[in-house]
Structures are given as structure tokens and as C-alpha cells.
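Spelled out, the chains give:
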Amino acid sequence: MGSLSASYFERAQEVIPGGVNSPVRAFKSVGGSPLFIQSAKGAYLKDVDGKEYIDLIGSWGPMLFGQAHPSIENAVRQALSNGFSFGAPSYNEVLIAEKIVSMIPSIEKVRLVNSGTEATMAAIRLARAYTKRDKIIKFEGCYHGHGDSFLIAAGSGVATLGTPDSPGVTVSTAKDTLTAVYNDLASLENLFNANPNDISAVILEPVVGNMGLVIPEPGFIEGIQKLCQANGSLLIFDEVMTGFRLSSSGYQGLTHIQPDLTTLGKIIGGGLPVGAYGGKAEIMNLIAPAGPVYQAGTLSGNPLATSAGLAMLNLITENPEVYQELNKKGEFLANGIRQQLQELQIEGFVNQIGSMFTLFFTSKVVKNFSDAKTSDTAKFGVYFREMLNQGVYLPPSQFESWFLSAALDQSHLDHILQASRIALKKTLVA
Ligand SMILES: *Cc1c(COP(=O)(O)O)cnc(C)c1O
């Protein structure tokens, strides 16, 4: 190709497995090689070859207000001038914890970590300790980071034990993770019935972003909570993606269903590495040094990360209208693409909620992972590459959500729809 990105990628593959530090950045499922980004501002990413793209990845969620928002940039600059890691408490940790507790009603106490993966791993350890039970239930297609307990697919039947999804995850770990079908309460009830008094917690993305966007049907989440309560199991909302994206108190802010524990990440770091888990004080007080459940982190509560996160949360509380505006943009794009699908007679299905949406190349209504997997990923590849060609950077996989930011204005939205029409036409001739 002769582009700088292509030459960097070649060098990267020599020294980094697959050339990327997180597999989602690779273009394996869409074809081509990933772009190396030089800089980002507002609605745009600029690659090392100088081409600009409208950013619909938003760092996989954190960039709610667009790239490099001045408030966050200034907060980090200010923090930086005071040093950047102490290994001792700093005041920002108190401020951000107070802020999170004030924004999310189900969280009375919160512990900061460095990633979403750390948050979910700690949350299930805590749930196991609190309930004195070993097993957890997750839903097929929900992603909870790369901890061993979560890299488990469904067995052949809903009541069978999980089998590892990745080499290196032991069978004995897999046997403690059971897998239900999203939007299917009966599958969950069957697991509870087959494992009485064994389930410590049910963990889920209440709105799923990680099989492409999938939305819970009315009554589904309420039903899960009832089953958890009836069986003495904890309910864990993994809001690493949805927290502060769907509302200022996450998915739970839209429904007023309060989980026992919540995991957070992405947006609370404002683009720097932060995760968190929190919930009822009675449960959180089991965490060391208040209690016996060990969990620690050399860089947890890092002053740069907390300054970025705090600036982000302040932006949210100072601009509460942002969610309504983002929802309008989301609806505009989703409806625009639905109309294009109809006009061009292309089989496709668009799920959208707030600033998250996914175009699935399938004729199915997508309610769970099996539905999502009916998508024509080759078509998505064609669509993705043409969108990129037209200057729109989508997540490079059919099974991801697109993330809108407040930095997108009407001209950006029009550009995206224009690009989409061209890209959809490409899928017809491919
Ligand atoms: C991204 C994500 C994680 C993992 O977070 P990392 O910071 O990548 O470790 C966990 N759960 C959900 C729902 C996520 O979207």
C-alpha cells in the first residue's frame, strides 16, 4: 500500500502479537490493515498519513464529549504539574468516589481499579465471598473483560456446564461459569433450578454492546432481579460500557432497577485507564482493608486518571441535556440507515439506544447472540471498508456498537448518512 500505517503495522507484527495491543483494533474480520492514529480532536481522528476520519469508535466508549475535550485536557495538565503517581492517597480519589456515589443511587461505596476487566474480576470475587457460593451465571455474547471466569461459551444445552472459550482457561474454572441466553428468562430459570444454592451472582450487560448492540426486552431485567432475589444471588450490572453513556447514572438510571453491585470503566476515566466497582456498603465493606476479600492496585486511583475521570463526570453533571441530544443524533442516524436499507432493499436490522447503535446485516430481529451471528460478516466488511474510504471510522467488527459523541454536529451526521448510502450500494455489487 505504501502508507505509513501499513509500514508501521508490518513492524508492529514483528514485535507485538498480531500487531495490536487489543484484538478489537485489528481489521481481521473486515479486511485490510488497521490505521495508526496520530492525533484526535472533537469528532475526528487523524491517521499518520494525514487523513481525517469521523470517529464512531470514541475509544470504544469513553469519548462521550468527543476527543480531547478542553475541560479534560486542562484537568490532566493541571494534575500533571503536581506529579503523577504517589502510591499514597490523594484528594481526587475522595472527590471522584463521592461523585460516583452521588450519581449512581445503587452505589454506596466504590473501589477504583485500572480497567473494566479488573472491576468485573473483583466484583465476582466479592460476590462469591459475600454469598459463600462458587458459581456465577453470565449471558452468551456478553463481554466482561478477559478474566478467566468470563471467557466461557455456552455448553450444548443451557443446563450443561460451560466450556472454555479460550485455550489457557482451565476446565475447573469453566465449571463455575454457567451461561444463559440473553432475553430468555426461562434459560436463566433453568440454570437456577439445576444449581440450587450454588449461584453467587448473575452478571450481565443490562444493555449489551459487545455482541453488537442488543436491547433488553420489557420485563427481562426485572425478571432477572426477581430470580436473583428468590435464589439469594447477587445481581451485578456490568456498566463498563453503559455507565454514564445511557444516562448520568447508566442503564440503571433509565429503569430504576438497582443491582447489588455495578462495574464501571471507559467513560469514568475520560480516556485514561480507570475502572471501578461499587454497590451496597454492606457488601463493599468485605473488601480489604475493611474486610477479608483481597484486591489491590499499585496505580489504582492514579492522580492523572482520577483528574480526567472527575473532569468527565463534572462535564456530565454540568451538561445533563447531553443525553437527550445524543439520543436525537442516534435516532436520526438509525432511522436514516433503516430508510436506506429499505430503499435499496438490503437485508439489515438496526438496533439503537441513545448514543449506541449497530447495523446488523441480517433479516432477523436481533435479540441475542444467536440472532447476531446470523449476520453476513462479509457484507459488513465491504460496508466497513467503504465507510473508511468515505472518511468514517466504524468499529472494525459486525459485533460491536458504534459510539456517538456530543462533538458530532449535523454536518457530520449528514456526512455519515451520505457515506452509508454509498457503502450500502457497494454491498449490493460485492
Ligand atoms: C470494555 C468492557 C469491559 C472490559 O473493560 P477493559 O477496560 O477493556 O478491561 C468489561 N465489560 C464491558 C461491558 C465492556 O464493554
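Model, not experiment: these values are computed from the prediction.

Let's talk about the nonpolar core
Here comes step 1: Counting 101 residues, the largest nonpolar core has F139, Y182, F244, I316 and Y383 as the members making the most contacts within it.
Here comes step 2: Per-element tally for this core: the top contributor is helix 10 (residues 303-318), with nine residues.
Here comes step 3: Here this core gathers at least three residues from each of two domains, domain 1 (4-65 + 321-429) and domain 2 (70-318).
Here comes step 4: When near neighbours in sequence (up to four residues on either side) are disregarded, I316 contacts L64, F65, M103, F244, S248, I267 and Y323.

Considerations on the site of the ligand
Here comes step 1: Every residue close to the ligand is listed here: S115, G116, T117, Y143, H144, G145, E205, N210, D238, V240, M241 and K266.
Here comes step 2: In the environment of the ligand, an oxygen atom lies 2.6 Å from a nitrogen or oxygen atom belonging to the side chain of K266.
Here comes step 3: For the shell around the ligand, the class distribution of residues is three nonpolar, six polar and three charged.

A few points about the environment of E321
Here comes step 1: Structurally, E321 can be placed in the loop between helix 10 and helix 11 (322-344).
Here comes step 2: Expressed as a C-alpha distance, the spacing of E321 and S247, which sit 74 residues apart in the sequence, is 10.0 Å.

Quick word on the sheet that holds strand 1 (residues 37-41)
Here comes step 1: One open sheet holds the four strands; their spatial order is 1-2-3-15, and the pairing between them is mixed. A single partner strand is all that each edge strand has here, and the edge strands are strand 1 and strand 15 (392-393).
Here comes step 2: As defined by bridge partners, strand 1 adjoins strand 2 (residues 44-47) across four bridges and the pair is classed as antiparallel. Paired with A40 across the two strands is L45, which belongs to strand 2.

Structural notes on the sheet that holds strand 16 (residues 402-403)
Here comes step 1: An order of 13-14-16 is seen for the three strands of this open sheet, with the pairing classed as antiparallel. Of all strands in the sheet, those bounded by a partner on one side alone are strand 13 (349-353) and strand 16.
Here comes step 2: Relative to strand 14 (residues 356-360), strand 13 runs antiparallel, the two being bridged by five bridges. Residue pairing across strands places N351 opposite T358, the latter belonging to strand 14.
Here comes step 3: Running at roughly 175° to strand 13, helix 11 makes contact with strand 13, strand 14 and strand 16 of the sheet.

Considerations on helix 7 (residues 220-231)
Here comes step 1: Its 12 residues place the ends of helix 7 17 Å apart at the C-alpha level, agreeing with the 16 Å of an ideal helix rising 1.5 Å per residue.
Here comes step 2: Looking only at helix 7, the buried set comprises F220, I221, G223, I224, Q225, L227 and C228.
Here comes step 3: Buried-residue contacts for helix 7 involve strand 5 (135-139), helix 6 (185-194), strand 9 (199-204), strand 10 (234-238) and helix 8 (250-255).
Here comes step 4: Looking one or two residues beyond helix 7, the residue adopting positive phi is G232, at roughly 65°.

Some details on the domain arrangement of the protein
Here comes step 1: Once the domains are mapped, the protein shows domain 1 (4-65 + 321-429) and domain 2 (70-318).
Here comes step 2: Taking only C-alpha atoms into account, the centre of domain 1 sits 26 Å from that of domain 2.
Here comes step 3: Of the residues lining the interface, 29 residues belong to domain 1; the matching set on domain 2 comes to 31 residues.
Here comes step 4: Interface area for domain 1 against domain 2, summed over the two sides, is near 2400 Å², with a carbon-plus-sulfur share of 64%.
Here comes step 5: Here E73 and K41 are joined by a salt bridge, their closest N and O atoms 3.9 Å apart.
Here comes step 6: Counting the contacts that link domain 1 with domain 2 gives 11 residue pairs in polar contact (both at pLDDT 80 or more).

Some thoughts on unusual backbone geometry
Here comes step 1: The peptide bond linking A288 to P289 adopts the cis configuration, its omega dihedral lying at 5°.
Here comes step 2: Residue position: P289 is located in the loop between helix 9 (281-284) and helix 10.
Here comes step 3: Its identity is not glycine, yet K132 carries a phi of approximately 55°, on the positive side.
Here comes step 4: Structurally, K132 is set in the loop between helix 4 (116-131) and strand 5.
Here comes step 5: Residue F244 is not a glycine yet carries a positive backbone phi of 65°.
Here comes step 6: With respect to the helices and strands, F244 occurs in the loop between strand 10 and helix 8.
Here comes step 7: We classify F244 as buried; its relative accessible area is 0%.

What about helix 3 (residues 91-103)?
Here comes step 1: Taking 1.5 Å per residue as the helical rise, helix 3 with its 13 residues ought to reach 18 Å, and the 19 Å between its terminal C-alpha atoms agrees with that figure.
Here comes step 2: Among all positions of helix 3, only I96, K99, I100 and M103 are buried. Buried residues along helix 3 cover an arc of 95° about the axis, so they all sit on one side. Exposed residues lying more than 90 degrees from the buried face of helix 3 are Y91 and S102.
Here comes step 3: Those residues of helix 3 hidden inside the fold are in contact with strand 4 (109-113), strand 11 (261-264) and helix 10.

Considerations on the packing of aromatic side chains
Here comes step 1: Going through the model one piece at a time under the given rule, you end up with 14 aromatic pairs.
Here comes step 2: Here the aromatic rings of F139 and Y182 are separated by 6.0 Å at their centres, their planes lie at 85°, and the arrangement is edge-to-face. Of this pair, F139 sits in strand 5 while Y182 is found in the loop between strand 8 (177-180) and helix 6, placing the two residues 43 residues apart along the sequence. With respect to burial, F139 and Y182 carry one shared label: buried.
Here comes step 3: Plain terms: the ring middles of F361 and Y383 are 5.5 Å apart, the flat faces sit at 65° to each other, and that makes the pair edge-to-face. Here F361, found in the loop between strand 14 and helix 12 (369-372), pairs with Y383, found in helix 13 (residues 377-389); they are 22 residues apart in sequence, far enough to count as distant.
Here comes step 4: With relative accessibility at 3%, the residue F361 sits in the buried group.

Conventions we followed
- Residues numbered from 1 in each chain as written.
- Predicted model: local features only at pLDDT ≥ 70, side-chain atom pairs only at ≥ 80, totals over all residues.
- Heavy atoms only, no water.
- Core = buried A, V, L, I, M, F, W, Y, C linked by side-chain atoms within 4.5 Å.
- Buried < 20%, exposed > 50% of the residue type's maximum accessible area, 1.4 Å probe, protein only.
- Helix = DSSP H or I, 4+ residues; strand = E, 2+ residues; numbered from the N terminus.
- Domains from an automatic or database assignment.
- Contact = heavy atoms within 4.5 Å.
- Near = heavy atom within 4 Å.
- Polar contact = N/O pair within 3.5 Å; in protein donor to acceptor, adjacent residues only side chain to side chain.
- Nonpolar A, V, L, I, M, F, W, Y, C, P; charged D, E, K, R; others polar.
- Pairing = 2+ DSSP bridges.
- Axes fitted to C-alpha atoms, helices over the stretch in contact; angles between N-to-C directions.
- Expected span 1.5 Å × (residues − 1).
- Buried area = accessible area lost by both parts, 1.4 Å probe.
- Salt bridge = Lys/Arg side-chain N within 4 Å of Asp/Glu carboxyl O.
- Arc of directions from axis to C-beta.
- Phe/Tyr/Trp six-rings, centres within 6.5 Å; stacked < 30°, edge-to-face > 60°.

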